[in-house]
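Analysis of the macromolecular model
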Amino acid sequence: MNEFAKGEVWLVGAGPGDAGLLTLHAVEALKAADIVVHDALVSAEVLAYTAGAELVLLGKRGGMPSPKQPEINARLVAEAKAGKRVVRLKGGDPFMFGRGAEEVLALVAAGVKFRVIPGITAGIGGLAYAGIPVTARDFNSSVIFLTGHDHTGLSPEGVDWAAVGKAAGMIVLYMAMRHMDEIAKKLIAGGMPSDIPVAVVMNASLPDMKVLETTLENAAADIAASGIGAPAIVSIGGGNLLREQMT
Ligand code: SAH
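The following refers to the structure shown. Note that the structure is predicted; figures quoted are calculated from it, not measured.

All right, on to the nonpolar core then. Core analysis: the biggest nonpolar cluster contains 26 residues, and Ile171, Leu173, Val200 and Ile236 have the highest contact counts within it. Of all the secondary structure elements, the ones that give two or more residues to this core are helix H6 (161-167), strand S7 (170-174), helix H7 (180-189), strand S8 (197-202), helix H8 (219-226) and strand S10 (232-236). Listed in part, the 19 residues of the second largest apolar core include Trp10, Ala29, Val42 and Ala53.

In structure tokens, the structure reads:
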């Protein structure tokens, strides 16, 4: 791999939590880093791969006070300009609802060299740990990845939920826990069967992973009753039924 030079920022995907899912490039970058600026979803097991780097928690967390994106971008630029090897470590994959693109654009604008090391996203690898294949020949030939939040924190008004329900053989929702009721109602109103299988996977790949199996019409009530919460991935589609044989 290329040498991690001083003054560079590497955006590294940490995967969903199990450190065994780190790439070799990610491990090398963590070992070489002078500073690791990580988000709240990065597990302690992953951070343990650093070797003496300064660790800084700087990330967005749904519903909690979190730093503004420009502040994060400015910190990355400042640390790089101070001559450090900077790892920006993000849960899952940096470009899957991780604001990685915004950070790269800020680095480009500031003339800072960067590299992106992809990671295993929770919506594929995390579901696999719960026994849910994101595609399966007999069930779906398409997948839609959606965020339950937009930049305002509300469920995305811009999404045509009826069209999504018709187009997707499997819908994988990130950050959707607080808006499940509204999302389910919109999908059902758009023609999706109310009894379609839904799985909710919390802390995917970690020792305390929890999985809830439900249906679209019961999802919000079952989530509330089960106490399951963020971080969780929601999968909607017939492929969830394979879990019975795959776990
Ligand atoms: N870049 C990340 C996603 C960041 S958005 C990725 O590629 O996975 C944050 C959301 O990701 C959480 O709200 C949750 O929906 C999901 N998520 C991340 N890690 C998770 C995990 N270990 N288990 C379940 N969901 C997870």
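A full pass over the atoms with the stated rule returns 12 salt bridges. The partner of glutamate 103 in a salt bridge is arginine 88, and the shortest N-O contact between them spans 3.0 Å. Here arginine 88 lies in strand S4 (residues 86-90) and glutamate 103 lies in helix H4 (residues 100-109), a separation of 15 residues in the sequence. We note that glutamate 103, like arginine 88, is buried. Residues aspartate 181 and lysine 185 are paired through a salt bridge, measuring 3.1 Å at the closest nitrogen-oxygen approach. Pair noted here: aspartate 181 and lysine 185 are both in helix H7, with a separation of 4 residues, about one helical turn. Note on aspartate 181: relative accessible area 41%, which makes it partly exposed. Here lysine 185 falls in the exposed class, since its relative accessible area comes to 54%. When salt bridges that share partners are traced, they join Glu54, Arg75, Glu79 and Lys84 into one network.

Further remarks concern the side chain of threonine 215. Structurally, threonine 215 can be placed in strand S9 (residues 210-215). A residue is classified by how much of its surface remains accessible, and threonine 215, at 19% relative accessible area, is buried. Residue contacts for threonine 215: discarding those within four places in its chain leaves Ser194, Asp195, Ile196 and Val198.

Once that is clear, we can look at unusual backbone geometry. Between alanine 230 and the following residue, proline 231, the backbone shows a cis peptide bond with an omega angle of 0°. Although it is not a glycine, arginine 99 adopts a positive phi angle of roughly 60°. Position of arginine 99 relative to the elements: it lies in the loop between S4 and H4. Residue classification places arginine 99 among the partly exposed residues on the basis of a relative accessible area of 31%. In this model, asparagine 203 sits at a positive phi of 50°, which is unusual for a non-glycine residue. Among the secondary structure elements, asparagine 203 is positioned in the loop between S8 and S9. Residue asparagine 203 is classed as buried on the basis of its relative accessible area, which comes to 13%.

Here we come to the packing of aromatic side chains. Enumeration according to the criterion identifies 3 aromatic pairs in this entry. Note on phenylalanine 97 and tyrosine 174: the rings are 5.1 Å apart at their centroids and 70° apart in plane angle, and the pair reads as edge-to-face. Of this pair, phenylalanine 97 sits in the loop between S4 and H4 while tyrosine 174 sits in strand S7; the two residues are 77 residues apart in sequence, bridging distant segments of the chain. Taking relative accessible area as the criterion, phenylalanine 97 reaches 35% and is therefore assigned partly exposed. Joined through ring pairs, the aromatic side chains of Phe97, Phe145 and Tyr174 make up one cluster. Between the NZ or CZ atom of arginine 115 and the centre of the ring of tryptophan 10, over which it lies, the distance is 5.0 Å.

With that out of the way, let us pick up the site of the ligand. Around the ligand lies a shell of 17 residues, among which Pro16, Met96, Thr121, Ala204 and Ala232 are the nearest. For the ligand, a nitrogen atom lies 3.5 Å from a polar atom in the backbone of asparagine 203. Coverage of the ligand by the protein chains reaches 92% of its 540 Å² of free accessible surface. A class-by-class count of the residues in the shell around the ligand yields 12 nonpolar, 4 polar and 1 charged. Each of domain 1 (9-120) and domain 2 (123-246) contributes no fewer than three residues to the shell around the ligand.

The rules we used
Residues numbered from 1 in each chain as written. Predicted model: local features only at pLDDT ≥ 70, side-chain atom pairs only at ≥ 80, totals over all residues. Heavy atoms only, no water. Core = buried A, V, L, I, M, F, W, Y, C linked by side-chain atoms within 4.5 Å. Buried < 20%, exposed > 50% of the residue type's maximum accessible area, 1.4 Å probe, protein only. Helix = DSSP H or I, 4+ residues; strand = E, 2+ residues; numbered from the N terminus. Salt bridge = Lys/Arg side-chain N within 4 Å of Asp/Glu carboxyl O. Contact = heavy atoms within 4.5 Å. Phe/Tyr/Trp six-rings, centres within 6.5 Å; stacked < 30°, edge-to-face > 60°. Lys NZ or Arg CZ within 6 Å of the ring centre and 35° of its normal. Near = heavy atom within 4 Å. Polar contact = N/O pair within 3.5 Å; in protein donor to acceptor, adjacent residues only side chain to side chain. Areas by Shrake-Rupley, 256 points an atom, 1.4 Å probe, with all protein chains shown as cover. Nonpolar A, V, L, I, M, F, W, Y, C, P; charged D, E, K, R; others polar. Domains from an automatic or database assignment.

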